[in-house]
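Structural overview
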Amino acid sequence: MGFLQSISQVVLGVNFLFLLLLGFSFVFLEPGTGPYVVAVLTLIPVVLSLVASVAVIYTGWEPF
């Protein structure tokens, strides 16, 4: 396993932790408030990095 795939596994684990914490926080947030908007906007980079790390792990991409 290459260095990039190892890093992708760490990023994948951190993303799952962030998704777990965000899911837990949505229970206590009211729609339309500032913290709710911030939580929704936080989902965008978390999901994008989750998809990217899964793609790197699945394809086995090694740029170097």
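As a reminder, the structure under discussion sits directly above these lines.
Residues numbered from 1 in each chain as written. Predicted model: local features only at pLDDT ≥ 70, side-chain atom pairs only at ≥ 80, totals over all residues. Heavy atoms only, no water.

So, helix 1 (residues 3-26)
Helix length check: helix 1, at 24 residues, gives a terminal C-alpha distance of 35 Å against a target of 34 Å (1.5 Å per residue), a fit within 8%. Where helix 1 is concerned, the buried positions are Gln-5, Ser-8, Leu-12, Asn-15 and Leu-22. The secondary structure elements touched by the buried residues of helix 1 are helix 2 (34-59). (Helix = DSSP H or I, 4+ residues; strand = E, 2+ residues; numbered from the N terminus. Expected span 1.5 Å × (residues − 1). Buried < 20%, exposed > 50% of the residue type's maximum accessible area, 1.4 Å probe, protein only. Contact = heavy atoms within 4.5 Å.)

Re the environment of Val-37
Along the chain, Val-37 turns up in helix 2. For Val-37 and Phe-3, which are 34 residues apart along the polypeptide, the C-alpha to C-alpha distance reads 36 Å.

Observations concerning the packing of aromatic side chains
Here the structure, examined in full by the defined rule, presents two aromatic pairs. Ring plane angle 70° and centroid distance 5.3 Å describe the contact between Phe-24 and Phe-28, whose orientation is recorded as edge-to-face. The interplanar angle of 75° and the centroid separation of 5.6 Å between the aromatic rings of Phe-26 and Tyr-36 together place this pair among those described as edge-to-face. On the criterion of sequence distance, the pair formed by Phe-26 in helix 1 and Tyr-36 in helix 2 is long-range, its members being 10 residues apart. For Phe-26, a relative accessible area of 24% gives the class partly exposed. (Phe/Tyr/Trp six-rings, centres within 6.5 Å; stacked < 30°, edge-to-face > 60°.)

Quick notes on helix 2
Between its first and last C-alpha atoms helix 2 spans 38 Å; for 26 residues at 1.5 Å apiece the expected length is 38 Å, and the two agree. Count one or two residues on from helix 2 and you reach Gly-60, which has phi positive near 70°.

Topic: the side chain of Ser-8
Of note, Ser-8 is situated in helix 1. In contact with Ser-8, not counting residues within four places along its chain, are Ser-53, Val-56 and Ile-57.

Quick word on the side chain of Ser-53
As for its position among the elements, Ser-53 is in helix 2. The buried category is assigned to Ser-53, whose relative accessible area is 3%. Engagement of the side chain of Ser-53 in a polar contact is seen with the backbone oxygen of Leu-50, the distance being 3.0 Å. In this view, Ser-53 contacts Ser-8, Val-11, Leu-12 and Asn-15; residues no more than four positions away in its chain are not counted. (Polar contact = N/O pair within 3.5 Å; in protein donor to acceptor, adjacent residues only side chain to side chain.)

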